[in-house]
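Structural overview
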Amino acid sequence: MKAKIRILDVYTGRFTVVINENDAKKVKLHPEDLVKIESGKKTVYGDVVISNMVEEGEIGLSKDILQVHSFSQGEIVNIAPAGTPESIRYIKKKMHGEKLRKVEIESIIKDIVDRKLREIEISAFVTALEINGLDMDEIAALTVAMAETGDMLDIDRKPIMDVHSIGGVPGNKTNILVVPIVAAAGLTIPKTSSRAITSAAGTADVVEVLTNVSLSLDEIKRIVEKIGACLVWGGALNLAPADDITIKAERALSIDPRGLMLASIMSKKYAMGSQYILIDIPTGKGVKVETMEEARSLARDFIELGKRLGQYVEVAITYGGQPVGHTVGPALEAKEALQTLMTGKGPGSLVEKATGLAGILLEMGGVAPAGMGKKMAKEILESGKAYQKMREIIEEQGGNPDIKPEEIPIGDKTYTFTAPTSGYVTFIDNKAITGIARAAGAPEDKGAGLELYVKVGEKVKEGDPLFTIYAESEARLDQAIIYARRTEPIRIEGMVLQRIGNI
Ligand SMILES: O=P(O)(O)OC[C@H]1O[C@H](OP(=O)(O)O)[C@H](O)[C@@H]1O
Ligand SMILES: Nc1ccnc(=O)[nH]1
């Protein structure tokens, strides 16, 4: 059926196509069906919404489509039911625990990128991967398919370094320090980050408080060739486009299937042309990887996957048993990262992890002798060179390089929890900390989150402040307080753990 395009002033997070009720009956289309829009040689797929807000002979397009495809107001196109994508059969194969062939994985990824799969099918695919996993052949095929369905960046300034955390630990603002330290040493590090998947703030969410993270590949190339670094959101680019789509499903379920995580990370590194990659695997109770054995196995898979892609990978297994630094939530973490860069000093966990990872990269990049990288990284941080490089990154990406930590707005609705008894902090529950910050509104509300005043091993007296929750609304603050009361985010114990009497 021919139809005239009407661009709707609405974003739905999907490629939404609004069809008039009578037209829908004519072409046998129903709500949530997949519809095919043909314009010349271009074919675009969308999800059907039926409404008489559009006239017969008209179709309404959400602006999401215009972010990827160019359609003009009043353009005449052909619409028809798209039918069931072939890849659904392959998703069901994985649901039944079968191995997928390379061409089947390519079909799934292409249909995801072409928006032929709806959220329900994508969630089914992600869930199937969580339950039945992928072997190395499947992971390699998935990684290449994810990268090659998007754009690739060609940076002349070599060698190209990269760093990426598998995430999972609250407050992991580490790479916001690592990138400027490594770039200040003269190396090239075009860092892409995702938004939060299981945490309360992804690195892209945090950096967005300081500067623009949604840039084009051409802008990124210009910036990286000029200053040697960037800190951008992978989802804003047509860089492994299936990644941000599947991450939305992961975020909703707060899962990160092992095979998909490997492919998600390495597809972006492959697309950026990164040659020397350091992977951070936070390990400990309450994060994605809880044992050293699991961490070593995952490390081997990252290194093997890198070999198959022609990339040199090293892995740092890092302490993930409690939050990194003292803050959780986009604005609070940005404040802490900027403060640490400006002064060269900050929370021990943050400085130690950042200089440790940066030190490895300096050695991988050949600018620090073996074993001297961390010392060199500390010098770069303490000298202010890392802060100067961060100013360049902020300015080149469109932010204000003079931004001060105290100028960063944080939630003005606060509540502080205090120690119910004297003793020692024996455990901080990562999942509870993340849950509280998310209940407070993070990462969508940039100013939401929490600030920790204690870490494991510290002595507290009854009534001492333990943490403060920040929110941008009373309603969100109340939710976070309730969540905090239902969980035990910070455990305090004396030396007498339990008295056993004549029971
Ligand atoms: O913690 P969760 O949300 O599961 O994982 C997502 C985070 O981990 C990675 O961190 P980085 O960009 O390497 O610093 C991603 O980019 C993202 O910021
Ligand atoms: N699954 C992922 C975890 C961390 N970072 C990513 O980019 N993707």
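If you're wondering where the values come from, they're calculated on a predicted model, not measured in any experiment. (Residues numbered from 1 in each chain as written. Chains lettered and ligands numbered in written order. Predicted model: local features only at pLDDT ≥ 70, side-chain atom pairs only at ≥ 80, totals over all residues. Heavy atoms only, no water.)

1. Some thoughts on the overall build of the protein
On a plain count of helices and strands, the protein comes out with 18 helices and 18 strands. A compact globule built from 503 residues should have a C-alpha radius of gyration of about 23 Å, and the protein, at 24 Å, falls within 12% of that. Taken along the three principal axes of its C-alpha coordinates, the protein extends 75 × 60 × 50 Å. By residue count, 55% of the 503 residues in the protein fall in the buried class. Sequence separation of 24 or more characterises 79% of the internal contacts of the protein that already satisfy a separation of 6 or more. A total accessible area of about 21100 Å² is found for the protein, and carbon and sulfur atoms account for 50% of it. Within the protein, one finds 63 positive and 70 negative side-chain charges whose respective centroids are separated by 2 Å. (Helix = DSSP H or I, 4+ residues; strand = E, 2+ residues; numbered from the N terminus. Rg over C-alpha atoms; globule rule 2.2 N^0.38 Å. Buried < 20%, exposed > 50% of the residue type's maximum accessible area, 1.4 Å probe, protein only. Contact = heavy atoms within 4.5 Å. Areas by Shrake-Rupley, 256 points an atom, 1.4 Å probe, with all protein chains shown as cover. Lys, Arg positive; Asp, Glu negative; His and termini not counted. Charge placed at Lys NZ, Arg CZ, Asp CG, Glu CD.)

2. Quick notes on the UniProt feature "binding site: AMP" (unreviewed entry) in the protein
Per the UniProt record, "binding site: AMP" (unreviewed entry) is found at Gly-168, Ser-194, Arg-195, Ala-196, Ile-197, Thr-198, Ser-199, Thr-203, Ser-264 and Lys-288. Considered against the largest cavity, the annotated residues that line it turn out to be Gly-168, Ser-194, Arg-195, Ala-196, Ile-197, Thr-198, Ser-199, Thr-203, Ser-264 and Lys-288. Mapped onto the elements of the fold, Ser-199 is located in the loop between strand S8 (189-193) and helix H8 (203-210). Judged by relative accessible area, which is 10%, Ser-199 ranks as buried. Sequence-distant contacts of Ser-199, that is, excluding residues within four places in its chain, are made with Thr-434 and Arg-438. Only 3.2 Å separates the side chain of Ser-199 from the backbone oxygen of Ala-201, close enough to count as a polar contact. (UniProt positions renumbered as here; feature names shortened; annotations may be inferred. 1 Å grid on protein atoms, 1.4 Å probe; cavity = no way out; pocket = protein on both sides within 12 Å on 5 of 7 lines; lining within 4 Å. Polar contact = N/O pair within 3.5 Å; in protein donor to acceptor, adjacent residues only side chain to side chain.)

3. As for the UniProt feature "active site" (unreviewed entry) in the protein
UniProt's entry tags Asp-256 with the feature "active site" (unreviewed entry), counted in the numbering of this structure. Its place among the elements puts Asp-256 in the loop between helix H10 (241-253) and helix H11 (258-272). In this structure Asp-256 comes out as buried when scored by relative accessible area, which is 14%. Setting aside its immediate chain neighbours within four residues, Asp-256 contacts Glu-130, Ile-166, Ile-197, Thr-198, Glu-250, Met-261 and Lys-288.

4. Quick word on the sheet that holds strand S2 (residues 16-19)
Read once around its circumference, the closed barrel built from six strands follows the order S1-S5-S2-S4-S3-S6, with strand pairing classed as mixed. This sheet shows a mean twist of 45° between the axes of neighbouring strands, independent of strand direction. The sheet contact formed by strand S1 (residues 2-7) and strand S6 (residues 76-81) spans three bridges and is antiparallel. Along S6, the bridge assignment pairs Lys-4 with Ile-76. (Pairing = 2+ DSSP bridges. Axes fitted to C-alpha atoms, helices over the stretch in contact; angles between N-to-C directions.)

5. Considering the side chain of Thr-203
One can find Thr-203 in helix H8. Setting aside residues no more than four positions away along its own chain, Thr-203 makes contact with Asn-172, Ile-176, Ser-193 and Ser-194.

6. A short note on helix H14 (residues 348-364)
Between its first and last C-alpha atoms H14 spans 24 Å; for 17 residues at 1.5 Å apiece the expected length is 24 Å, and the two agree. Of the residues making up H14, those classed as buried are Leu-350, Val-351, Lys-353, Ala-354, Thr-355, Leu-357, Ala-358, Gly-359, Leu-361, Leu-362 and Met-364. A positive phi of about 80° marks Gly-366, the residue just after H14. (Expected span 1.5 Å × (residues − 1).)

7. A look at the nonpolar core
In terms of nonpolar packing, the biggest core is built from 66 residues, with Ile-189, Ile-220 and Leu-361 touching the most fellow members. Among the elements that line this core, the one with the most residues is H14, at eight residues. Excluding residues within four positions of it along the chain, Ile-220 makes contact with Leu-153, Leu-215, Cys-230, Val-232, Leu-237 and Met-272. Of all hydrophobic cores here, the second largest spans 45 residues; its members include Leu-142, Ile-166, Ile-265 and Leu-309. (Core = buried A, V, L, I, M, F, W, Y, C linked by side-chain atoms within 4.5 Å.)

8. Considerations on the packing of helix H5 (residues 119-132) against H10
In helix packing, the relevant descriptors are the interaxial angle and the interaxial distance, both defined with respect to the helix axes. Contact geometry for H5 and H10: axes closest at 9 Å, N-to-C directions at 70°. When the axes of H5 and H10 are compared, the pair comes out roughly perpendicular. Every residue of H10 that contacts H5 at Ile-122, Ser-123, Val-126 and Thr-127 is listed here: Ile-245, Thr-246, Ala-249, Glu-250 and Leu-253. Looking at side-chain class alone, the contact of H5 with H10 contains five nonpolar, three polar and one charged residues. (Parallel < 35°, antiparallel > 145°, perpendicular 65-115°, else oblique. Nonpolar A, V, L, I, M, F, W, Y, C, P; charged D, E, K, R; others polar.)

9. Considering the pattern of salt bridges
Summed over the entire model, instances satisfying the criterion amount to 40 salt bridges. Among the ionic pairs, Glu-86 bridges to Arg-89, the shortest N-O distance being 2.4 Å. Owing to a relative accessible area of 41%, Glu-86 belongs among the partly exposed residues under this scheme. Across the pair Glu-379 and Lys-375 runs a salt bridge whose closest N-O atoms are separated by 2.7 Å. Of this pair, Glu-379 and Lys-375 are both found in helix H15 (residues 373-383), four residues apart, which corresponds to roughly one turn of the helix. What emerges from the salt-bridge pattern is a single network uniting Lys-99, Asp-135, Asp-137, Glu-304 and Arg-308. (Salt bridge = Lys/Arg side-chain N within 4 Å of Asp/Glu carboxyl O.)

10. Section: the packing of helix H9 (residues 217-227) against helix H16 (residues 385-396)
It is at 11 Å that the axes of H9 and H16 come closest, and there the two elements cross at 155°. On the basis of the axis angle, H9 is roughly antiparallel to H16. The crossing of H9 and H16 is right-handed. Taken together, the residues of H16 that come into contact with H9 (itself represented by Arg-222, Ile-223, Lys-226 and Ile-227) are Lys-389, Glu-392, Ile-393 and Glu-396. Looking at the contact of H9 with H16 residue by residue, the classes come out as three nonpolar, no polar and five charged. (Left-handed = near helix turned anticlockwise from the far one by under 90°.)

11. Brief notes about the sheet that holds strand S16 (residues 459-460)
An order of S16-S14-S18 is seen for the three strands of this open sheet, with the pairing classed as antiparallel. Edge positions in the sheet fall to S16 and strand S18 (490-493), since each of these pairs with one other strand and no more. Across four bridges, the pairing between strand S14 (residues 423-428) and S18 is antiparallel. Counted as the bridge partner of Ile-428 is Ile-490 from S18.

12. Observations regarding the environment of Pro-420
By the element assignment, Pro-420 lies in the loop between strand S13 (413-418) and S14. Counting along the chain gives 41 residues from Pro-420 to Lys-461, while the straight-line C-alpha distance between them is 8.5 Å. Residues in contact with Pro-420, not counting those within four places in the same chain, are Glu-462, Leu-466 and Ile-492.

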